[in-house]
Amino acid sequence: MSAWRRFSNRVDRWLDRRSLREPLETSTTSRGGGVPCLASSAFERAVAQVQRLDRDAQLKQVLAPHGTQADGAASRWQFHFDLPRARARAVVDWYLDGSASGRFGREVLTLQATPFPPPGSVLAQGIAEGRLRYARLGRVWKEERRRTPELPQVFRDSDAALAELARRGLRVDDGGFTLGVAAESGGALVWVARTGTGVYRCPFR
């Protein structure tokens, strides 16, 4: 049975022309200098890049891993996407490649896409060895995507979010913080700023 299933899986994989088959990485760098930007501005660049792989890309996370300025602009933004048609996940980074001394540098946009199941995973090995049917991947992938909420692609921008978080006690000049999105127990989506001493939240929309 496993020999036949391995053959069947290879045929099904060959016929599956929409799904991403191998990990993909791309990087583009602007010629001119850049400046820190709001989440919405970086998102426009990121979504244009990821929709080349899948026009139905679903936003799953927005991060400013090094925090933002008081006005909500950041020198690095990261966006996580599910690619339903390509059956893959993608991470798009927008950042400035300047030095810590104050030079902002050029805008860089990188994309890393990983097929589902990831190469080398237990699920991928099970399909390769014929223990699992390739045809089941569609259902498994749909279940996997439900594990994290889809974020709206029109959201409260980071300038408004930082103003609200500051009213709730966030001090940008007190040291580093990270900014991301989370779903609360009731399902509401919120911006979350985490510092070394506290957590601050405000609505994502």
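One can find the structure itself at the top, above this paragraph.
Because the structure is predicted, anything quoted here is derived from the model rather than measured.

Rules behind the numbers
Residues numbered from 1 in each chain as written. Predicted model: local features only at pLDDT ≥ 70, side-chain atom pairs only at ≥ 80, totals over all residues. Heavy atoms only, no water. Helix = DSSP H or I, 4+ residues; strand = E, 2+ residues; numbered from the N terminus. Contact = heavy atoms within 4.5 Å. Pairing = 2+ DSSP bridges. Axes fitted to C-alpha atoms, helices over the stretch in contact; angles between N-to-C directions. Core = buried A, V, L, I, M, F, W, Y, C linked by side-chain atoms within 4.5 Å. Buried < 20%, exposed > 50% of the residue type's maximum accessible area, 1.4 Å probe, protein only. Arc of directions from axis to C-beta. Salt bridge = Lys/Arg side-chain N within 4 Å of Asp/Glu carboxyl O. Phe/Tyr/Trp six-rings, centres within 6.5 Å; stacked < 30°, edge-to-face > 60°. Lys NZ or Arg CZ within 6 Å of the ring centre and 35° of its normal.

Draft legend 1. Representation of the overall build of the protein chain. Secondary structure assignment for the protein chain yields 5 helices and 8 strands. Considering only intrachain contacts with a sequence separation of at least 6, the fraction spanning at least 24 residues in the protein chain is 61%.

Draft legend 2. Just the sheet that holds strand E5 (residues 106–115), in detail. Pairing is antiparallel in the open sheet, where 5 strands are placed in the order E1-E5-E4-E3-E2. The open sheet terminates on both sides in strands that have one partner only, identified here as strand E1 (24–33) and strand E2 (58–63). Taking each pair of neighbouring strands and ignoring which way they run, the sheet shows an average axis angle of 15 degrees. In terms of strand pairing, strand E4 (residues 88–96) meets E5 through 9 bridges, oriented antiparallel.

Draft legend 3. Quick peek at the nonpolar core. If you look at the biggest cluster of nonpolar residues, it comprises 41 residues, and the most contacted ones within it are Val50, Val62, Trp77, Phe79, Phe81, Leu179 and Trp191. With 6 residues, the top contributor of residues to this core is helix H2 (residues 39–50).

Draft legend 4. Region of the structure containing helix H5 (residues 158–167). Within the sequence span of H5, burial applies to Ser158, Ala161, Leu162, Glu164 and Leu165. One side of H5 holds all its buried residues, which, seen down the axis, span an arc of 165 degrees. As for H5, its buried residues are in contact with H2, strand E3 (76–83), strand E6 (178–183), strand E7 (189–194) and strand E8 (199–203). Where H5 terminates, the next one or two residues include glycine 169, which has phi positive at roughly 115 degrees.

Draft legend 5. Molecular detail of the pattern of salt bridges. Counted under the stated rule, the structure contains 12 salt bridges. In this structure, arginine 147 and glutamate 144 form a salt bridge, with 3.2 Å as the shortest nitrogen-oxygen distance. A relative accessible area of 65% means that arginine 147 is categorised as exposed. The class for glutamate 144 is buried, based on a relative accessible area of 17%. One salt bridge in this structure joins aspartate 173 and arginine 171, with 3.5 Å as the shortest N-O distance. Using a relative accessible area of 61% as the deciding quantity, one classes aspartate 173 as exposed.

Draft legend 6. Local environment of the packing of aromatic side chains. Counted by the stated rule, this structure contains 7 aromatic pairs. Consider the rings of phenylalanine 155 and phenylalanine 204, whose centres lie 5.1 Å apart with planes at 20 degrees: the pair is stacked. With phenylalanine 155 in the loop between helix H4 (137–145) and H5 and phenylalanine 204 in the segment after E8, the pair connects residues that are 49 residues apart, well separated along the chain. Each member of the pair, phenylalanine 155 as well as phenylalanine 204, is classed as buried. Aromatic ring contacts, followed pair by pair, group Phe43, Phe79, Phe81, Phe155, Trp191 and Phe204 into a single cluster. A cation sits over an aromatic face here: arginine 76 above tyrosine 95, 4.4 Å from the ring centre.

Draft legend 7. Quick look at the pairing of E5. Summarising burial for E5: 7 of the 10 residues are buried, a large majority. Bridge analysis of E1 against E5 gives 7 bridges, and the strand direction is antiparallel. The residue of E5 that forms the bridge with threonine 26 is leucine 111.

Draft legend 8. Structural context of H4. Leu137, Trp141, Glu144 and Arg145 are the residues of H4 that are buried. Along the axis of H4, the buried residues cluster in a sector spanning 95 degrees; they form a single face. Residues of H4 that are buried in the fold lie against E2, E3, E4 and helix H3 (122–128).

Draft legend 9. Examining unusual backbone geometry more closely. Cis geometry is adopted by the peptide bond preceding proline 117, which originates at phenylalanine 116 and carries an omega value of 0 degrees. Tracing the backbone shows proline 117 in the loop between E5 and H3. Phi angles above zero are rare outside glycine, and arginine 87 is one such case at about 45 degrees. Mapped onto the fold, arginine 87 is located in the loop between E3 and E4. Assessed through its relative accessible area of 9%, arginine 87 is described here as buried.

What is shown is where atoms sit, not what they do.
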